[in-house]
Amino acid sequence: MGTRVLETKAISATPYPLLGIREVPEVLEVCKLIDVSICIGCKACEVACQEWNDLPVSETYTHFGSYQTLPDLAHNFWNLIKFKELENKGKLLWTMAKYQCMHCEDPGCLRACPAPGAIVQYTNGIVDFVQENCIGCQFCVTGCPFNVPKISPKTQKVYKCTLCADRVESGLEPACIKACPTDCLHFGLKKDLVRMGLRRVKQLRDQGFENAILYDPPGVLGAHVIYVLPFGNRPEDYGLPRDPEVPATVNWWKGPLKLAGNIMMMGGVALALLHYLKFGPMELVEEKRRGAPGEKRRKTKE
Amino acid sequence: MKRGVKRKNKEIVRYTLWERVVHWSAALSFTYLMLTGLALYSPRLFWMASIFGGGTTVRVWHPFAGVVFSVALVLMSLSWARCMWLYPEDRQWLLNIWSYITHKEEGLPEAGRFNAGQKMLFWLMSFSGLLLLLSGIPLWFPHKFSWDVRLASILVHEIATLAAIGGIIVHVYMGTLAVPGSLGAMAKGKVTDLWAKTHHPRWYRRLRQKGLI
């Protein structure tokens, strides 16, 4: 959302070097930790997100049989607690997990984006959309393994969680973190939060949740939003994809296929011109006997 | 002799007005599609989007141009499918394509209204056009299609594009530099008697036999 003083690490559709020349002494990667085991589903984070980002309060859907506010994230709703009613060992298991942009280290959205500067990744790990550069093609929607970016039908631009880049830049924690009453949400440096998350995972395992894990998907080289999942063997139960990764198609499309295409197109034009220089244009042949009846009738040439 | 001279410069109708209208509709829409598509294909070519009004404008109009191209391609197929049909002698032509490329005529059967190379190009463009249309729809309305379909569409759209651009490079080269007179044929609709006899003797003979020229 606009130009920021934050140092950029990657910009969509920009093969040229980035502009930063400052020596950044230490890259401080920020991170959100969501400890699902102590989330009470109060939705304070949803409200805080709407408030801070000046997003309208949309009507609650009530017709899909869930406690969830909306069926999915929306262009004007970037933070959603997913509720699922499941069964575990014959007992009700009610899961609730906050869902938003994961701020991947290898963002599929940024890779897929064809508009220069529409998606920016800062050195602190935040992946942000710059709507004034967005062309509304929605390739990011297809490139994202978490199905996060959403297009606005009004502006035809794509929106998502900014990890409150504007607050983070000013040394504040994201609005959702600020609002959480149970300390299920934490914000800080990634290395600290990974340590904190692993400690909590160990605690959960000791308490009998033997499958508890720290969800930090390696398929996207890690994320800047990580989860403590008590039932880590079933991430789907929390609405999280199993083994998410940047789609191979996107890597093919932006990598080898593009190279092959460039070689083919430039080579094609070069070969055509070379052919002209070697063989020249096709000439009209009068004297050549081609057996056309018209030809035979006129033996004499002028 | 006098008669021969006259005959030689006589003009023969090669493309009707309708055929030319359809051809140039396809050509113009293809050019727009190719340039705007290339702008989104490579960031290094994004500057081409500015020529056509910027990224957003290009993103909005590209699919509509695709519809124009598809319609033109359907009309073209309707009027040409019969002349573009491949016959056994076309196999012979394609096997000896190298003689054609190197301007030797050995082993090349005489061409009818279109030679086998033109026919292959026509089918290449039609087939890739169909793939581009089919894969373009999920890219136009991504929310209506599943993730897998959208991912496959991206791949198909790119591969079909490269095939079509490959075809169009050959087509434009043949139509302008390589075979003088063919651009004029598509512009004015007429060729000279000698042109027809040189490049499409079987077609020429047929017209003569039918008494059309």
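Residues numbered from 1 in each chain as written. Chains lettered and ligands numbered in written order. Predicted model: local features only at pLDDT ≥ 70, side-chain atom pairs only at ≥ 80, totals over all residues. Heavy atoms only, no water.

> Could you clarify how one ought to interpret the overall build of chain A in this entry?
Looking only at helices and strands, one finds 9 helices and 11 strands in chain A. A compact globule built from 302 residues would reach a C-alpha radius of gyration of about 19 Å, whereas chain A, at 28 Å, exceeds it by more than 25%. If you line up chain A on its principal axes, its C-alpha atoms span 105 × 55 × 40 Å. Burial status across chain A gives 52% buried among its 302 residues. If you take every contact in chain A between residues at least 6 apart in sequence, the share linking residues at least 24 apart comes to 62%. A total of about 15000 Å² of accessible surface is found on chain A, and carbon and sulfur atoms cover 58% of it. (Helix = DSSP H or I, 4+ residues; strand = E, 2+ residues; numbered from the N terminus. Rg over C-alpha atoms; globule rule 2.2 N^0.38 Å. Buried < 20%, exposed > 50% of the residue type's maximum accessible area, 1.4 Å probe, protein only. Contact = heavy atoms within 4.5 Å. Areas by Shrake-Rupley, 256 points an atom, 1.4 Å probe, with all protein chains shown as cover.)

> Any chance you could explain the overall build of chain B here in plain terms?
Along chain B, the regular secondary structure elements total 11 helices and 2 strands. On the principal axes, the C-alpha backbone points of chain B span a range of 70 × 35 × 30 Å. The 213 residues of chain B split such that 47% are buried. Of the roughly 10900 Å² of accessible surface on chain B, 71% is carried by carbon and sulfur atoms. Both charge centroids of chain B, one from 25 positive and one from 10 negative side chains, sit 9 Å from each other. (Lys, Arg positive; Asp, Glu negative; His and termini not counted. Charge placed at Lys NZ, Arg CZ, Asp CG, Glu CD.)

> Is there a simple way to explain the domain arrangement of chain B in this structure?
How large an interface is tends to be reported as the accessible area lost when its parts come together. Residue and element names in this part refer to chain B. Domain assignment breaks chain B into domain 1 (1-15 + 87-213) and domain 2 (17-80). Relative to domain 2, the C-alpha centre of domain 1 lies at a distance of 19 Å. Across the contact, 23 residues belong to domain 1 and 19 residues belong to domain 2. Regarding the contact of domain 1 and domain 2, the summed buried area is about 1600 Å², with carbon and sulfur atoms giving 74% of it. Per-residue buried area on domain 1 facing domain 2 is highest for F122, W140 and M186; these three make up 36% of the total on that side. Inspection of the region where domain 1 meets domain 2 yields 1 salt bridge. With a closest N to O distance of 3.0 Å, R113 and E19 form a salt bridge. The interface formed by domain 1 and domain 2 includes 5 residue pairs in polar contact (both at pLDDT 80 or more). Breaking the side of domain 1 that touches domain 2 down by element, the ones donating at least two residues are helix 7 (116-140), helix 8 (147-178) and helix 9 (182-188). By residue number, the principal contributor to the side of domain 1 that touches domain 2 is helix 8, which donates 7 residues. (Domains from an automatic or database assignment. Buried area = accessible area lost by both parts, 1.4 Å probe. Salt bridge = Lys/Arg side-chain N within 4 Å of Asp/Glu carboxyl O. Polar contact = N/O pair within 3.5 Å; in protein donor to acceptor, adjacent residues only side chain to side chain.)

> Help me understand the packing of helix 8 (residues 256-279) of chain A against helix 8 of chain B in this model?
Between two packed helices, the angle of one axis relative to the other and the distance separating the axes together describe the packing. Running from amino to carboxyl end, helix 8 of chain A crosses helix 8 of chain B at an angle of 10°, the nearest separation of the two axes being 10 Å. Compared by their axis directions, helix 8 of chain A and helix 8 of chain B come out roughly parallel. On helix 8 of chain B, the residues touching A:L257, A:K258, A:G261, A:M264, A:M265, A:G268, A:V269, A:A272, A:L273, A:H275 and A:Y276 of helix 8 of chain A are B:L155, B:E158, B:I159, B:L162, B:I165, B:G166, B:I169, B:Y173 and B:L177. A class-by-class count of the residues in the contact of helix 8 of chain A with helix 8 of chain B yields 14 nonpolar, 4 polar and 2 charged. (Axes fitted to C-alpha atoms, helices over the stretch in contact; angles between N-to-C directions. Parallel < 35°, antiparallel > 145°, perpendicular 65-115°, else oblique. Nonpolar A, V, L, I, M, F, W, Y, C, P; charged D, E, K, R; others polar.)

> Got a minute to help me understand the sheet that holds strand 11 (residues 225-229) of chain A in this structure?
Adjacent strands of a sheet form backbone hydrogen bonds with each other and so pair up, either parallel or antiparallel. Residue and element names in this part refer to chain A. Spatially, 4 strands are ordered 9-2-11-10 in an open sheet, and the strand pairing comes out mixed. With one partner strand each, in any of the chains shown, strand 9 (185-189) and strand 10 (213-215) form the two edges of the open sheet. Averaged over all pairs of adjacent strands, the angle between strand axes in this sheet comes to 25°, irrespective of strand direction. Here strand 10 runs beside strand 11; their pairing, made up of 3 bridges, is antiparallel. Looking at strand 11, one finds that I213 is bridged to L229. Across the face of the sheet, helix 6 (residues 190-206) comes into contact with strand 2 (30-35), strand 9, strand 10 and strand 11 while running at roughly 140° to strand 9. (Pairing = 2+ DSSP bridges.)

> In this structure, what is going on with the domain arrangement of chain A? I would like to understand it.
All names here are of chain A. For chain A, the assigned domains read domain 1 (8-246) and domain 2 (248-281). The partner domain 2 presents 5 residues to the 8 residues of domain 1 that form the contact. Regarding the contact of domain 1 and domain 2, the summed buried area is about 470 Å², with carbon and sulfur atoms giving 58% of it. The largest share of the area that domain 1 buries against domain 2 comes from R111, A112 and V246, three residues that together contribute 72% of it. At the boundary of domain 1 and domain 2, one finds 0 salt bridges. If you look at where domain 1 meets domain 2, you find 2 residue pairs in polar contact (both at pLDDT 80 or more). Those elements that provide at least two residues to the side of domain 1 that touches domain 2 are helix 2 (108-112) and helix 3 (139-143). Ranked by residues supplied to the side of domain 1 that touches domain 2, first place goes to helix 2 with 3 residues. Tallied by class, residues from the side of domain 1 that touches domain 2 come to 5 nonpolar, 2 polar and 1 charged.

> So what exactly am I meant to see when it comes to the state of the cysteines here?
Throughout this description, disulfide means a covalent bond between two cysteine sulfur atoms. All names here are of chain A. Within the structure shown, the criterion is met by 0 disulfides over all chains. Unpaired in this structure, C137 has its nearest cysteine sulfur neighbour in C113, at a distance of 6.1 Å. Classification of C137 by relative accessible area gives buried; the value is 12%. Sulfur of C161: no disulfide; nearest cysteine sulfur belongs to C101 and is 5.5 Å away. (Disulfide = S-S within 2.5 Å.)

> Any chance you could explain the confidence of the model for chain B here in plain terms?
Caution applies to low-pLDDT parts of the model: their predicted coordinates are not meant to be read in detail. Residues and elements named next belong to chain B. Residue-level pLDDT values for chain B average 92, and 96% of them are 70 or greater. Ranking the elements of chain B by mean pLDDT puts helix 1 (residues 2-9) last, at 58, and helix 2 (residues 17-41) first, at 97. Here the predicted complex scores 0.89 on pTM and 0.88 on ipTM. (pLDDT = per-residue confidence, 0-100.)

> Mind showing me how you'd approach the side chain of A:D35 here?
Residue and element names in this part refer to chain A. Among the secondary structure elements, D35 is positioned in strand 2. Among the residues examined, D35 registers a relative accessible area of 6% and is labelled buried. For D35, the contacting residues outside a window of four places in its chain are C184, R200 and V228.

> Whenever I open this one, a nonpolar patch on the surface confuses me. Can you help?
Judged by side-chain polarity, A:Y67, A:L92 and A:W94 come together as a nonpolar surface patch covering roughly 360 Å² of accessible area. Topologically, A:Y67 is positioned in the loop between helix 1 (44-52) and strand 3 (80-88). (Patch = residues over 30% accessible without salt bridge, like charges linked within 9 Å, V, L, I, M, F, W, Y side chains within 5 Å.)

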